[in-house]
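Architecture at a glance
This is what each chain is made of:
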Amino acid sequence: MTPSVSGRSQPDGHAADVAPALTRVKEQAAPLELTARALGMGLLIGGLLAVTNVYMGLKTGWWESGSVTAAVLGFSALATVSRRRGAAYSPLENNLTQTAAASVGAMPAAAGLLGALPALTLLGAAVPGWGVAVWSVALGVLGVLAAHLLRRRLVVQEALPFPTGIATAELITAMHASSGAEVRAGRGRLLAGAGAVAVAITAARDALKWLPGMTALPGTLGGVPAASLTWGVGWSPMLLAIGMMTGPRLGLSMLAGAAVAWGVLAPWLTGGGLLSDPGYEALSTWLTWPGVGLLVGSAMASLLAQARDFLRAARDLGSLRQGEAMPSWALGAGLAACVLAVALGATLFGLSVPYMLLALVLVLPLCAVCARGAGQVDVSPVTQMGQVTQVIFGGLLPGAMAPNVAAGAVVSGAAAQTGVSMWSLKAGHLLGASPRRLLAAQLVGVLAGSVVGVPVYLLLTRIHGLGSEALPAPFAHQFRAVAEVAVRGLDGLPPHAALAACVAAGVGALLTLASRGRAARWLPLPVALGIGFILPAYYAVTLCVGALGLAVARWRWPAAAERNVSTLAAGAIAGESLAGVLIAALLALGLA
């Protein structure tokens, strides 16, 4: 689960082990697939995913595709009920449920709600909610159609593993091949219990004020109280759960970044009098630059390492003329999405028609790179593709920061939906699903996701404020920083921040290149290091506590931990996210 969209990894050869079981399911499955109950359940679960992704993304930068979780929830909700009422809930229906849910859940990222739009707000560019919603539909449609154009080449002909897709198909196969009683009872109770505990803690913290946001660590660092440098442990089930899902390496990497930023640099900045206002906001503004330097350096090194993927993407596009024909209504939807994107780019973001058309030309080849990344290593480099676009437009449109961010948002938004769609298409291919029915479900999910995500985003930002300790929006800073550097250069940065950013970019690039060798397991993750700079220190501490707790559980109870950790973490994340949004709504209405 990363800002670049990752899923559950499985070995490349895992597909061969799954094939016999999948074949049996194909033979036994009922012909039901695109049904009202399957689509409706997918939209409901996807709505919960969208709310969770907005809340989690603005707080930490991470969001989750949710394919596996949606498959479990759909089966738990419909399998028993449908069996009692007649036609059984089929594997193909379950696959369509998770496909629709993943499409809805990806829309906050496709709309730019986790990076580009907050960056525009931080730059002083106001965008109306209706415009964001329509913009998100246009980009989501383009991302889904790009995935379907690439399906035959990557899923059928090359048979790339797409590990999350394989894991989802395998899970659906296993649930429908058995009675499913254990899945419905055990996982359902665990999910509900974890969610209930998370809701109670969030309510006690944010509404009743019985719990603090964090319990501060005692003592001082460089003569500065640790509490004022945000060192402590947060009362956040969501942060603990993210640590459990991402593991010790990422948690320790993030903690290392926080230690350098908030344990070394922040006391130096405060004690040396380099900042006129040594409060959290000023420190955060300065530390953002080396943090973004780590992220950008890592991204650029990753792109160099993926140079062959760009060449392969060109071949992927060249093979589209031999691909399966798109239905005429889908081509019409794509044309309408392009027209909407061009019109909104000009009216909302100041991107003239020729430049908006250039951004749209970049969408398909860069989405192809993301799709290939999702297929090979289960990571779709969404943010990196947006940054490539920003750099291109920085040279074409000097002095125009809002259009620069918007151009990056076009590519990164469409690519976010492409990566998620490819995982669903891989699962559908293994299960024998109809690509056209999956396409219809994904496009309906795009519409639903735009309706859910934008109001939640507007509500949270109104109550907590962007860039605050409660809502740091780490990847908004990355979009904004890349735009400022691409347009203005390094002039105007805080004292010594430019040097720190350049050094950090070099460190990020070196770590990324070195991680491709044998020493990878011992090196920190540069993306996690960078996020440790941008977020308050207690975020890293709490996340690391969750990661180390998981390591202990896997050592002491390996089977139980492997079986239950994803369900427990999903319940905790959903519980805090939904409670946080509800409390924000009550605050907005003056009821809390």
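Data block above holds the structure.
First, a word on what this report is: a plain description of the structure on this page. (Residues numbered from 1 in each chain as written. Predicted model: local features only at pLDDT ≥ 70, side-chain atom pairs only at ≥ 80, totals over all residues. Heavy atoms only, no water.)

Things to note about the overall build of the protein chain
Stated formally: The helix and strand labels rest on DSSP assignments: H or I over at least four residues marks a helix, E over at least two residues marks a strand, and numbering proceeds from the N terminus. Exposure categories follow from relative accessible area, calculated using a 1.4 Å probe and restricted to protein chains: below 20% of the type maximum is buried, above 50% is exposed, and the middle band is partly exposed. Note on contacts: a residue pair is in contact if any heavy atoms of the two residues lie within 4.5 Å. To measure how exposed things are, a 1.4 Å probe is used in the Shrake-Rupley method; for residues, cover is taken only from the protein chains shown.
What the protein chain contains, in helices and strands, is 23 helices and four strands. Counting across all 592 residues of the protein chain, residues that qualify as buried make up 56%. Considering only contacts in the protein chain between residues 6 or more positions apart, those separated by 24 or more positions represent 85%. Just so you have it, the protein chain exposes about 22,100 Å², and 67% of that area is on carbon and sulfur atoms.

Comments concerning the state of the cysteines
What counts, and what does not: Cysteine sulfur pairs qualify as disulfides if the two atoms are within 2.5 Å.
Enumeration over the complete set of coordinates arrives at zero disulfides. With no disulfide of its own, Cys-367 has Cys-370 as its nearest cysteine by sulfur position, at a separation of 6.2 Å. The class of Cys-367 is buried, set by a relative accessible area of 0%.

Looking at unusual backbone geometry
We note that Ala-159 has phi near 50°; this positive angle belongs to a residue other than glycine. Position of Ala-159 among the secondary structure elements: in the loop between α7 (129-157) and α8 (163-177). A positive phi angle, close to 65°, is found at Thr-230, a residue other than glycine. Structurally, Thr-230 can be placed in the loop between β3 (224-225) and β4 (232-234).

Overview of the packing of aromatic side chains
To keep it simple, the criterion reads: Any two of the Phe, Tyr and Trp rings considered here, Trp counted by its six-membered ring, make a pair once their centres fall within 6.5 Å; the pair's planes then place it as stacked at under 30 degrees, edge-to-face at over 60, or tilted in between.
Tallied over the entire structure, the rule returns five aromatic pairs. Between the aromatic rings of Trp-268 and Trp-286, the centroid separation amounts to 6.4 Å while the plane-to-plane angle is 75°, which identifies the pairing as edge-to-face. Remark: Trp-286 occurs in helix α12 (residues 280-305) and Trp-268 occurs in helix α11 (residues 248-271); sequence separation between them is 18 residues. Classification of Trp-286 as buried rests on a relative accessible area of 2%.

What about the packing of helix α17 (residues 401-431) against helix α18 (residues 435-464)?
What counts, and what does not: In this analysis an axis means a line fitted to C-alpha atoms, helices contributing only their contacting stretch, and an angle means the value between N-to-C directions, from 0 to 180 degrees. Any angle that is under 35 degrees is reported as roughly parallel, and any over 145 degrees as roughly antiparallel; angles of 65 to 115 degrees are reported as roughly perpendicular and all others as oblique. Two helices crossing with the near one rotated counterclockwise from the far one by less than a right angle form a left-handed crossing, whereas a clockwise rotation gives a right-handed crossing.
It is the contact of α17 with α18, at a shortest axis distance of 11 Å, that shows an interaxial angle of 150°. In this view, α17 runs roughly antiparallel relative to α18, as classed from their interaxial angle. Crossing of α17 over α18 shows right-handed handedness. Facing Gln-417, Ser-421, Ser-424, Leu-425 and Gly-428 of α17, the residues of α18 in contact are Leu-438, Gln-442 and Val-446.

A closer look at the environment of Ala-169
With respect to the helices and strands, Ala-169 occurs in helix α8. According to the relative accessible area criterion, Ala-169 is buried, its value standing at 0%. Sequence-wise, Ala-169 and Lys-426 are 257 residues apart; in three dimensions their C-alpha atoms are separated by 8.2 Å.

With respect to the nonpolar core
Put simply, the rule reads: Take the buried Ala, Val, Leu, Ile, Met, Phe, Trp, Tyr and Cys residues and link them wherever side-chain atoms come within 4.5 Å; each set so joined is a nonpolar core.
Met-254 and Trp-262 are the most contacted members of the largest nonpolar core, which has 163 residues in total. With 16 residues, the top contributor of residues to this core is α17. Not counting residues up to four positions away in its chain, the partners in contact with Met-254 are Trp-62, Ala-528, Ile-531, Gly-532, Leu-535, Tyr-539, Ala-540 and Leu-543. Within the second largest apolar cluster, seven residues are counted, among which are Met-41, Leu-49, Leu-78 and Ala-101.

Let's talk about helix α21 (residues 526-534)
Among the nine residues in α21, eight count as buried, and that is most of the element. Restricting attention to buried positions, one finds in α21 the residues Pro-526, Ala-528, Leu-529, Gly-530, Ile-531, Gly-532, Phe-533 and Ile-534.

Concerning the pattern of salt bridges
Put simply, the rule is: One speaks of a salt bridge when a side-chain nitrogen belonging to Lys or Arg is within 4 Å of a carboxyl oxygen belonging to Asp or Glu.
One pass over the full model with this rule turns up six salt bridges. For Arg-153, the salt bridge identified is with Glu-158, shortest N-O distance 3.2 Å. Looking at Glu-158, the relative accessible area reads 30%, which means it is partly exposed. The closest approach of N and O atoms between Arg-205 and Glu-576, which form a salt bridge, is 3.2 Å. Pair noted here: Arg-205 is in helix α9 (residues 181-207) and Glu-576 is in helix α23 (residues 558-588), with a separation of 371 residues, a long-range link. For the pair formed by Arg-205 and Glu-576, the shared burial category is buried.

Observations concerning the packing of α8 against α17
Short version of the rule: As a working rule, the residues Ala, Val, Leu, Ile, Met, Phe, Trp, Tyr, Cys and Pro are called nonpolar, Asp, Glu, Lys and Arg charged, and the rest polar, with Gly in that last group.
At a minimum axis separation of 7 Å, α8 and α17 run at an interaxial angle of 45°. Viewed along their axes, α8 and α17 adopt a mutual orientation that is oblique. Note on packing geometry: the crossing formed by α8 with α17 is right-handed. On α17, the residues touching Thr-164, Gly-165, Ile-166, Thr-168, Ala-169, Ile-172 and Thr-173 of α8 are Trp-423, Lys-426, Ala-427, Leu-430 and Leu-431. Here the residues of the contact of α8 with α17 sort into seven nonpolar, four polar and one charged.

Some thoughts on the environment of Ala-501
With respect to the secondary-structure elements, Ala-501 resides in helix α20 (residues 497-514). For Ala-501, a relative accessible area of 11% translates into the label buried. C-alpha of Ala-501 to C-alpha of Gly-293: the two residues are 208 residues apart in sequence and 4.6 Å apart in space.

A short note on the side chain of Ser-412
Selection criterion: N or O atoms closer than or at 3.5 Å make up a polar contact, with two conditions inside protein: a donor-capable atom paired with an acceptor-capable one, and, for residues adjacent in sequence, both atoms drawn from side chains.
Summarising the element assignment, Ser-412 is placed in helix α17. Judged by its relative accessible area of 9%, Ser-412 is buried. Among the polar contacts made by the side chain of Ser-412, one reaches the main-chain carbonyl oxygen of Gly-408 at a distance of 3.0 Å. Ser-412 has contacts with Val-382, Gly-386 and Phe-479, leaving out every residue within four places of it along the chain.

Section: α18
Working note: α-helix, 3.6 residues per turn, so residues spaced by three or four point in the same direction. The condition is simple: Expected helix span is given by 1.5 Å per residue-to-residue step, counting one fewer step than there are residues. Fitting axes to the seven residues that end at a residue and to the seven that start at it, the angle between those axes gives the bend at that residue.
Relative to the 44 Å expected for 30 residues at 1.5 Å per residue, α18 spans 42 Å between its end C-alpha atoms, a close match to the ideal helical length. At Gly-449, α18 shows its maximal bend, which comes to roughly 25°. One or two residues past the end of α18 sits Gly-465, with phi positive at roughly 80°.

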